[in-house]
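# A closer look at the structure
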Amino acid sequence: MPAQPYDIVIRGGTVATASGRFLADVAISGETIAAVGRGLGPGAREIDATGKLVLPGGIDAHTHIEQVSAGGLLNADSFESATTSAAFGGNTTVISFAAQHRGLDLRKVVDDYSALAARGALIDYAFHLIVANPDAKTIETDLPALIGEGHASIKLFMTYDLIKVDDEPLLDVLLTARQNRALLCVHAENHGMISWMGKRLVAKGYTAPKFHAISHPRGSEAEAFTRLITAAALIDQPIMIFHVSTREGAEVIRKARGEGLKVFAETCPQYLFLTRHDLDKPGLEGAKWMCSPPPREAEDQEALWRALALGDIQTVTSDHAPYRFDETGKLSAGPQPTFKQIANGLPGLEVRLPLMFDAMVSKGRPEFGGRGLEAFVDLTATAPASIYNLPNKGAIAPGLDADIAIWDPARVVTLSDQMMHDRTGFTPFAGRTVQGWPVHVLSRGRDVIAGGAVGVAPGTGRWLKRQGGWAAEPTGRLTADMDPERNFGARLL
Ligand code: DUC
Ligand code: ZN
Ligand code: ZN
């Protein structure tokens, strides 16, 4: 027993990690977990967790916060509102984006987003660096410097007219990522197919939100995954494929991983719980369910659950992209937009964990064979901490940050627009009833959410410096094209 009492002891709960669950107290000193075990000594403050689950705070590694789109549209959340919503949903870390657009200086972009987060965030955060202007300064000067300063992940888009990168700059960025030990995350869809389908649908008068789903052919995902994986293999660079939505996409990833390629992947609740039929609503209402890629079919949901259970897909994020259903967001192009003119994205920070908990723990999805709780912790906290280089996050163990969500596994909640704390004004999951809810959330030992109220000030979340390095090292095997022993051309690169 320490000479001084611990600052906090969370007593009598069931602690769960990615590898097991056990009855234990958790002691916190300052910002750190000091001890985990039975019958720990007294805390200056004691939290009774009898009958509750004591879990690592969630890490939502794909969130768009206070972000300006390529079209100039500012999304609805500030770092304060988004991280408040995240915390109510059991999260203690978010990774959002420093989003470069064409003509913008990446370092200035990072400074601007850093200032916004420093002012508003209630919980800890990091950034992926979006590269949309892959010029020499960005690739050769700014990216290496920023990665070295602790921004260890990059994001590229293979679609969207104003921000997409083609194959050559994709290879440039893959090589820079490799040389500086950063992870490359990619929104991978075939741009030409989507653009062609969209134009033809609109020209024939098929303009309602439900046609958005049809305009993103299923094959546009698998094709882009294959092209991306082939490019990453050429450079021997680990990649993260964002928001997998189709069975075929998951199959491409499974095959690549089976060949030993360092491919990570995520999916999101919208692909596990929604289908394209959710977009089929009267008038423009379906716009609330519009995201890219779109939700698909029930059989895709099943394939994605299997891919999660098999480890082919390692994380579940929200892809929180908050556009209101009004003229500031979804309807910014006027009252009668075609689906091509409606901003893509769903809010999800607050519901990601409750939806996943309900499915995996309360309802016990069969794919996880009685280990749904451990798999839930892994997919939503432990794996993202590992993949995105957050060594003090994502688990409950002495020495780690005291980022903890205490869950009431019996609490039943019907999700509604009104109960959300973000600024989107709706949730596409309204009306669903879930069992299990985060009732007390601590970030570095601070009560972020307790008794249904926020307990910390905006601006007290911290930027998380992330060193370069990968959760899975490159293969070390160069492709025939890159191996100077086998290909004379490679010696010229
Ligand atoms: N699609 C994206 O590419 N980004 C934000 C949200 C979305 O639906
Ligand atoms: Zn995306
Ligand atoms: Zn996104």
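Here is what the cut-offs are and how they apply
- Residues numbered from 1 in each chain as written.
- Chains lettered and ligands numbered in written order.
- Predicted model: local features only at pLDDT ≥ 70, side-chain atom pairs only at ≥ 80, totals over all residues.
- Heavy atoms only, no water.
- Donors = N, O, S within 2.8 Å, 3.2 Å for Na, K, Ca; no water.
- Helix = DSSP H or I, 4+ residues; strand = E, 2+ residues; numbered from the N terminus.
- Buried < 20%, exposed > 50% of the residue type's maximum accessible area, 1.4 Å probe, protein only.
- 1 Å grid on protein atoms, 1.4 Å probe; cavity = no way out; pocket = protein on both sides within 12 Å on 5 of 7 lines; lining within 4 Å.
- Points joined across faces, edges and corners; volume = space filled by probe spheres on them.
- Nonpolar A, V, L, I, M, F, W, Y, C, P; charged D, E, K, R; others polar.
- Near = heavy atom within 4 Å.
- Polar contact = N/O pair within 3.5 Å; in protein donor to acceptor, adjacent residues only side chain to side chain.
- Areas by Shrake-Rupley, 256 points an atom, 1.4 Å probe, with all protein chains shown as cover.
- Sits in = over half its atoms within 2 Å of the grid points.
- Contact = heavy atoms within 4.5 Å.

Those donors, His 187 (ND1) and His 243 (NE2), are the protein atoms that reach the zinc ion (ligand 2), and they lie 2.1 Å from it. Between the zinc ion (ligand 2) and the zinc ion (ligand 3), a separation of 3.5 Å is found. Here the residue His 187 occupies a position in strand E10 (residues 183–187), and His 243 occupies one in the loop between strand E11 (239–241) and helix H8 (247–258), the gap between them amounting to 56 residues. His 243 matches His 187 in its accessibility class, with the two residues each being buried.

The subject of this paragraph is empty space enclosed by the protein. One way to see where empty space is left: roll a probe the size of a water molecule over the atoms. Scanning the model with the defined rule gives 2 cavities of 30 Å³ or more in all. Here the largest cavity is characterised by a volume of approximately 50 Å³. As for the largest cavity, its lining consists of Leu 55, Pro 56, Gly 58, Gly 90, Leu 353, Phe 376, Val 377, Thr 380, Ala 381, Ala 405 and Trp 407. Here the element with the most residues in the lining of the largest cavity is helix H12 (residues 372–387); it accounts for 4 residues. A per-class count over the lining of the largest cavity returns 8 nonpolar, 3 polar and no charged.

Surrounding ligand 1, one finds His 64, Phe 157, Tyr 160, His 187, Cys 291, Ser 292, Asp 319, Ala 321, Asn 344 and Gly 345. Contacts to ligand 1 include Tyr 160, whose side-chain N or O atom sits 3.1 Å from an oxygen atom. A distance of 2.8 Å separates an oxygen atom of ligand 1 from a polar backbone atom of Ser 292. Summarising the interface, the protein chains cover 94% of the accessible area of ligand 1, which totals 240 Å² for the free molecule. When atoms are counted within 2 Å of each cavity's grid points, the one that captures over half of ligand 1 is the largest pocket. Residue composition of the shell around ligand 1, grouped by class: 4 nonpolar, 5 polar and 1 charged.

This next bit is on the side chain of Asp 236. The residue Asp 236 is located in the loop between helix H7 (219–235) and E11 in this model. When sequence neighbours within four positions are dropped, the list of residues in contact with Asp 236 reads Arg 178, Pro 474, Thr 475, Gly 476, Arg 477 and Leu 478.

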